[in-house]
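# Secondary and tertiary structure notes
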Amino acid sequence: MLATSAQVDTITINPDKIVVEHEDEEVEKIKTAEYKKKVARRASRYIFFKL
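Here goes a summary of the coordinates provided. (Residues numbered from 1 in each chain as written. Predicted model: local features only at pLDDT ≥ 70, side-chain atom pairs only at ≥ 80, totals over all residues. Heavy atoms only, no water.)

## Comments concerning the overall build of the protein
Cut-off, in case you're wondering: The helix and strand labels rest on DSSP assignments: H or I over at least four residues marks a helix, E over at least two residues marks a strand, and numbering proceeds from the N terminus. In this description, accessible areas are obtained by the Shrake-Rupley approach with a 1.4 Å probe, and a residue is regarded as covered only by the protein chains that are shown.
Regarding its fold elements, the protein presents one helix and zero strands. Accessible surface for the protein amounts to roughly 5100 Å². Of this, 53% is attributable to carbon and sulfur atoms.

## Examining the pattern of salt bridges
Side-chain pairs of opposite charge can arise whenever the charged atoms involved come near each other. To keep it simple, the criterion reads: In the sections that follow, a salt bridge refers to a side-chain nitrogen of Lys or Arg positioned within 4 Å of a carboxyl oxygen of Asp or Glu. Summary of the burial criterion: residues with accessible area below 20% of their type's maximum are buried, those above 50% are exposed, and those between are partly exposed, where the area comes from a 1.4 Å probe applied to protein chains only.
Within the structure shown, the criterion is met by one salt bridge. As a salt-bridge pair, Glu25 and Lys29 come within 3.8 Å of each other at their nearest N and O atoms. You can see Glu25 and its partner Lys29 sitting in helix α1 (residues 25–50), four residues apart, about one turn around the helix. Take Glu25: its relative accessible area is 56%, and that puts it in the exposed class.

## Re the environment of His22
Under the convention used in this document: The contact rule is simple, with two residues in contact once any of their heavy atoms fall within 4.5 Å. Between N or O atoms, a polar contact is any pair within 3.5 Å; within protein, one atom must be a potential hydrogen donor and the other a potential acceptor, and residues adjacent in sequence are included only when both atoms are from side chains.
Considering the arrangement of structural elements, one finds His22 in the segment before α1. In contact with His22, other than residues within four places in its own chain, are Val27 and Glu28. A distance of 3.0 Å separates a polar atom in the side chain of His22 from the backbone nitrogen of Asp24.

## A few points about the environment of Glu21
Locating Glu21 in the fold gives a position in the segment before α1. In this structure Glu21 comes out as exposed when scored by relative accessible area, which is 73%. Considered as a pair, Glu21 and Lys31 are ten residues apart in the sequence and their alpha carbons are 8.5 Å apart.

Structure representation (structure tokens):
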């Protein structure tokens, strides 16, 4: 959940910081990619509906 206490005009999410850790490297890559897409979809919906 993204919370702000003041009106802002930009929000920055660093995709390099989004990592799903897993013991299998291939599974980690797949799960990380899926999670990044999920974060992007949720952020875009949040911003769209709040404008």
